[in-house]
Amino acid sequence: MTARRDVFQAIADPTRRAMIGLLANRTLTINDVAENFVMSQPAVSKHMHILMECGLVVMVKKGREKHCRANLSALEEVARWAEQYRAFWNDRLDILGDLLKNDE
């Protein structure tokens, strides 16, 4: 049994981040997505498959075409992870600011 990819693996690749951005506000076919990238159709399909495995893209087959849309709620895991570091660095920068004010 293979492990399911996680969201962090998906967003580690700049091409997949661009694909998420492309699908953020609209639904496109895989061919429409492919037109925005200089790579083969199989390469685009592979990236899209990884995004689907992670839950970042939902694909619906309509007739002969596959329509794709972003599932941005899947990025909540990334936001939660980043938030802990934002709080850490905000605290550190506040301390640095206080030290600099006291140094004047």
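Bear in mind that the values here come from a model prediction, so they are computed numbers and not experimental data.

The rules behind each value
- Residues numbered from 1 in each chain as written.
- Predicted model: local features only at pLDDT ≥ 70, side-chain atom pairs only at ≥ 80, totals over all residues.
- Heavy atoms only, no water.
- Patch = residues over 30% accessible without salt bridge, like charges linked within 9 Å, V, L, I, M, F, W, Y side chains within 5 Å.
- Areas by Shrake-Rupley, 256 points an atom, 1.4 Å probe, with all protein chains shown as cover.
- Salt bridge = Lys/Arg side-chain N within 4 Å of Asp/Glu carboxyl O.
- Helix = DSSP H or I, 4+ residues; strand = E, 2+ residues; numbered from the N terminus.
- Pairing = 2+ DSSP bridges.
- Core = buried A, V, L, I, M, F, W, Y, C linked by side-chain atoms within 4.5 Å.
- Buried < 20%, exposed > 50% of the residue type's maximum accessible area, 1.4 Å probe, protein only.
- Contact = heavy atoms within 4.5 Å.
- pLDDT = per-residue confidence, 0-100.
- Phe/Tyr/Trp six-rings, centres within 6.5 Å; stacked < 30°, edge-to-face > 60°.

**A few points about a nonpolar patch on the surface**
Point 1. On the surface, W81, Y85, F88, W89, L93, L96 and L100 cluster together into a nonpolar patch covering about 750 Å² of accessible area.
Point 2. Relative to the helices and strands, F88 resides in helix α5 (residues 76–103).

**Some thoughts on the pairing of strand β3 (residues 65–70)**
Point 1. Pairing analysis gives 2 bridges linking strand β1 (residues 28–29) to β3, with the strands arranged antiparallel. Considered in β3, the bridge of T29 is made with H67.
Point 2. When strand β2 (residues 57–62) meets β3, the two strands line up antiparallel, connected through 6 bridges. Looking at β3, one finds that M59 is bridged to C68.
Point 3. Taking the residues between adjacent antiparallel strands as the criterion, β2 and β3 are bridged by 2 residues, where G63 takes a positive phi near 65°.

**Structural notes on the nonpolar core**
Point 1. Residues M19, L23, V33, V44, M48, L51 and L56 are the most contacted members of the largest nonpolar core, which totals 23 residues.
Point 2. For this core, the secondary structure elements donating two or more residues are α1 (7–11), α2 (14–23), α3 (30–34), α4 (41–53) and β3.
Point 3. The residues touching V33, leaving out its near neighbours within four places in the chain, are M19, L22, L23, L28, V44 and M48.

**Description of the confidence of the model for the chain**
Point 1. For the chain, the average pLDDT comes to 90, and 95% of its residues sit at 70 or higher.
Point 2. Element-level mean pLDDT values for the chain span from 87 in α5 up to 97 in α2.

**Here's the deal with the packing of aromatic side chains**
Point 1. Across all of its chains, the model carries 3 aromatic pairs by this definition.
Point 2. Summarising the aromatic geometry, the rings of W81 and Y85 are spaced 5.0 Å apart at their centres and angled 55° between planes, so their arrangement reads as tilted. With W81 and Y85 both in helix α5 and 4 residues apart, the pair spans about one turn of that helix.
Point 3. Given the relative accessible area of 40%, Y85 is considered partly exposed.
Point 4. Put simply, the rings of F8, W81 and Y85 pair up and form one aromatic cluster.

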